[in-house]
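Here are the chains, one letter per residue:
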Amino acid sequence: MVQGAANQNINSNEQWLQNYVDDWVKFYRKHTKEGEVASYIPILQEANQHHLGISIIGNNGVTIESGDVGIPFTIQSISKVFTFIVACMQRGVSYILDRVDVEPTGEAFNSIMHLEMRQVKKPFNPFVNAGAITITSMLNGKTSNEKLNPLLHLFEQILGYRPSLNEEVYESERKTSIRNRAIGYYLLELEYLESDLELTLETYFKQCSIEISINDLATLGMVLANDGEDPKTGLEIIPRQVARLAKSLMLTCGMYNASGKFAAYVGIPAKSGVSGGIVAIAPPRFREGDFPFLEGCGIGVYGPALDKQGNSIAGIRLLRHIAKQWDLSIF
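Procedures and definitions
Think of each chain on its own: its residues are numbered from 1, step by step along the sequence as written. With the structure being a predicted model, the display of local features is reserved for residues of pLDDT at least 70 and the display and counting of side-chain atom pairs for 80 or more, all residues being used for whole-chain, interface and lining totals. In computing side-chain properties, one takes all heavy atoms of the structure into account and sets aside hydrogens as well as water. Working definition: helices are DSSP H or I runs of at least four residues, strands are E runs of at least two. Numbering for both runs from the N terminus. This radius of gyration counts C-alpha atoms alone. The globule rule is 2.2 Å times how many residues there are, raised to the power 0.38. Remark: exposure states derive from per-residue accessible area (1.4 Å probe, protein chains only) relative to the maximum for the residue type, with buried under 20%, exposed over 50%, and partly exposed in between. We treat Lys and Arg as the positive residues and Asp and Glu as the negative residues; His and chain ends play no part in the count. What counts as a salt bridge is simple: a side-chain nitrogen of Lys or Arg found within 4 Å of a carboxyl oxygen of Asp or Glu. It only takes one pair of heavy atoms within 4.5 Å for two residues to be counted as in contact. Centres within 6.5 Å make a pair out of two Phe, Tyr or Trp rings, where for Trp the six-membered ring is used; the pair is then stacked when the planes are under 30 degrees apart, edge-to-face when over 60, and tilted otherwise. Only buried residues count toward a nonpolar core, which is a set of Ala, Val, Leu, Ile, Met, Phe, Trp, Tyr and Cys residues joined through side-chain atoms within 4.5 Å. Should DSSP find at least two bridges between two strands, the strands are regarded as paired. Every axis corresponds to a line fitted to the C-alpha atoms, with the helix fit spanning only the stretch in contact, and the corresponding angles, defined between N-to-C directions, vary from 0 to 180 degrees. Small angles under 35 degrees read as roughly parallel and large ones over 145 as roughly antiparallel, with 65 to 115 read as roughly perpendicular and the rest as oblique. Crossings are classed by handedness, with left-handed meaning an anticlockwise turn of the near helix from the far one by less than a right angle and right-handed meaning a clockwise turn.

> Summarise the overall build of the protein chain; cite the residues concerned and give the values.
Each helix and strand in the protein chain was counted, giving 13 helices and seven strands. At 19 Å, the protein chain has a C-alpha radius of gyration in line with the 20 Å of a compact globule built from 331 residues. C-alpha extents for the protein chain along the principal axes are approximately 70 × 40 × 35 Å. Counting across all 331 residues of the protein chain, residues that qualify as buried make up 56%.

What follows is the structure in structure tokens.
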């Protein structure tokens, strides 16, 4: 009888959380009309700008999903977190940080200005396009598929399946990414790249075109929240040092040139992509009070209507509200 009462209490608590999140998603969906879907990659314009969904997966196994959770989308710049992780695992943290810095830029994610005007010796961080392309060039492999394989294997270890590429998005990116080619040529001139330019860009476009779901993002975030260990199995998938470094960069650089405001007003590590996805992380924390997910959680958000910085406009507002209500901030 006692055990049954306890289970009933847990279920009622989960239902209470579910009801709140459903209300919050419904409220913030109206903000999607204030943004615009990405247009510089033509096929991304086909997304429904009014979609908004969220998945929250706790280290304790509790899962809350609400809104448009069944829609696949491409990972885009969120892939930069995991190519950085793979590169650190292959080459070592010191090797990577000798070649890519960890400083915020204050510039747009696809800017080349900070490289040229400040005459830096390496890209500012792994999450601006210049840094991400440099990181991709460091991945082991003689073909784009060989370079991409360890990234897909990492996803498979965490997600339980191997995600596939959206070939239509890949072709759209490959044919239209003039700015990224310009960045690539500039990096080549500075001798930052460690593999052939075309091979590097082909791999970069493919990594951005990996198709995932909101639930996948939350699962990836959950493992990072747990310092690289899968709480379901207890297995260390990502070395603790690498996971913590990735989270630090997500906090300071993960939301493009809005990273400072996101850190101040939301206060959790996150990384966005121009398809409208956001992966966010609430590490385990000590708090007085009965707050959800004190053991930590991963959060996936999808809302393709973007603000001027390239972040999901309704997704950020939804995350800010949840972080405030549940005291998720790490500060």
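> Lay out the side chain of Lys80 with the relevant residues and their values.
Here Lys80 lies in helix H2 (residues 79-91). Buried within the structure, Lys80 lacks any salt-bridge partner; its nearest side chain of opposite charge belongs to Glu173, at an N-O separation of 9.5 Å. If we skip the residues at most four places from it in the chain, Lys80 touches Pro126, Phe127, Val128, Asn129, Ala132, Tyr204, Gln207 and Lys271.

> Can you break down the packing of aromatic side chains residue by residue, with the values?
All told, the structure shown has eight aromatic pairs when counted by the stated rule. Ring plane angle 40 degrees and centroid distance 5.6 Å describe the contact between Tyr20 and Trp24, whose orientation is recorded as tilted. Here Trp24 and Tyr20 lie together in helix H1 (residues 2-28), a separation of four residues that amounts to about one turn. Under the relative-accessibility criterion, Tyr20 is labelled partly exposed at 38%. Geometrically, the ring pair formed by Phe73 and Tyr302 is stacked, given 4.4 Å between the ring centres and 10 degrees between the ring planes. In this pair, Phe73 sits in strand S3 (residues 73-74) while Tyr302 sits in strand S7 (residues 297-302), placing the two residues 229 residues apart along the sequence. One exposure class covers both Phe73 and Tyr302, and it is buried. Counting every residue linked through ring pairs, the aromatic cluster contains Trp16, Tyr20, Trp24, Phe293 and Trp326.

> Which residues make up the pattern of salt bridges, and what are the values?
Taken as a whole and judged by the stated rule, the model has 13 salt bridges. Close ionic contact of Lys247 with Asp227 constitutes a salt bridge, the shortest N to O distance being 2.6 Å. Taken together, the residues span a long stretch of sequence, with Lys247 in helix H11 (residues 240-253) and Asp227 in the loop between helix H10 (214-225) and H11 at a distance of 20 residues. Each of Asp227, Arg240, Arg244 and Lys247 takes part in salt bridges that share partners, so that together they form one network.

> A description of unusual backbone geometry should follow, citing residues and the corresponding values.
Even without being a glycine, Asp227 presents a positive backbone phi close to 60 degrees. Take Asp227: its relative accessible area is 12%, and that puts it in the buried class. Despite not being glycine, Tyr256 shows a phi value in the positive range, around 60 degrees. Take Tyr256: it is sitting in the loop between H11 and helix H12 (259-265). When its relative accessible area of 8% is taken as the criterion, Tyr256 is described as buried.

> I'd love a proper account of the nonpolar core, names of residues and values included.
Within the largest apolar cluster, 45 residues are counted, with the highest numbers of intra-cluster contacts made by Phe82, Ile85, Leu224 and Ile238. Elements with a minimum of two residues in this core: H2, helix H3 (93-97), helix H5 (129-138), helix H6 (144-159), H10, H11 and strand S6 (277-282). In this view, Ile238 contacts Ile85, Leu154, Ile158, Leu224, Asp227, Gly228 and Ala243; residues no more than four positions away in its chain are not counted. Counting residues in hydrophobic clusters, the runner-up holds 30 residues, among them Val25, Ile64, Ala282 and Ala314.

> Just give me the short version of the pairing of strand S1 (residues 53-58), but keep the residues and values in it.
Side chains on a regular strand alternate between the two faces of the sheet. Counted residue by residue, S1 has six buried out of six residues, so it is predominantly covered. The alternating pattern of S1 places Gly53, Ser55 and Ile57 on one face and Ile54, Ile56 and Gly58 on the opposite face, and all of these are buried. Between S1 and strand S2 (residues 63-67), which pair antiparallel one after the other, the connecting turn spans four residues, and Gly61 there sits at a positive phi close to 95 degrees. Two strands pair when backbone bridges link them, and S1 and S7 are joined in this way by six bridges, in the antiparallel orientation. If you follow Ile54 over to S7, its bridge partner there is Val301.

> Any details on the pairing of S2? Residues and values, ideally.
Bridging between S1 and S2 involves five bridges; their strand directions are antiparallel. Residue pairing for S2: Ser55 is matched across the bridge by Glu65.

> Would you mind going over the environment of Pro72 in detail, with residue names and values included?
Its place among the elements puts Pro72 in the loop between S2 and S3. Placed 140 residues apart in sequence, Pro72 and Ile212 show a C-alpha to C-alpha distance of 5.6 Å. Apart from residues no more than four positions distant in its own chain, Pro72 is found in contact with Glu211 and Ile212.

> For the packing of helix H7 (residues 167-176) against helix H9 (residues 197-208), give the residues involved together with the corresponding values.
Relative to each other, H7 and H9 sit at 140 degrees, their axes nearing to 9 Å. On the basis of the axis angle, H7 is oblique to H9. Handedness of the crossing formed by H7 with H9: right-handed. Contact residues: H7 offers Tyr170, Glu173 and Arg174, while H9 offers Glu202, Phe205, Lys206 and Cys208.

> Please provide a residue-by-residue account of the packing of H2 against H11, values included.
Put simply, H2 and H11 touch, their axes get as near as 10 Å, and they point 145 degrees apart. Relative to H11, H2 is oriented so that their crossing is right-handed. Mapping the contact onto sequence places Val81, Phe84, Ile85 and Cys88 in H2 and Val242, Leu245, Ala246, Leu249 and Met250 in H11.

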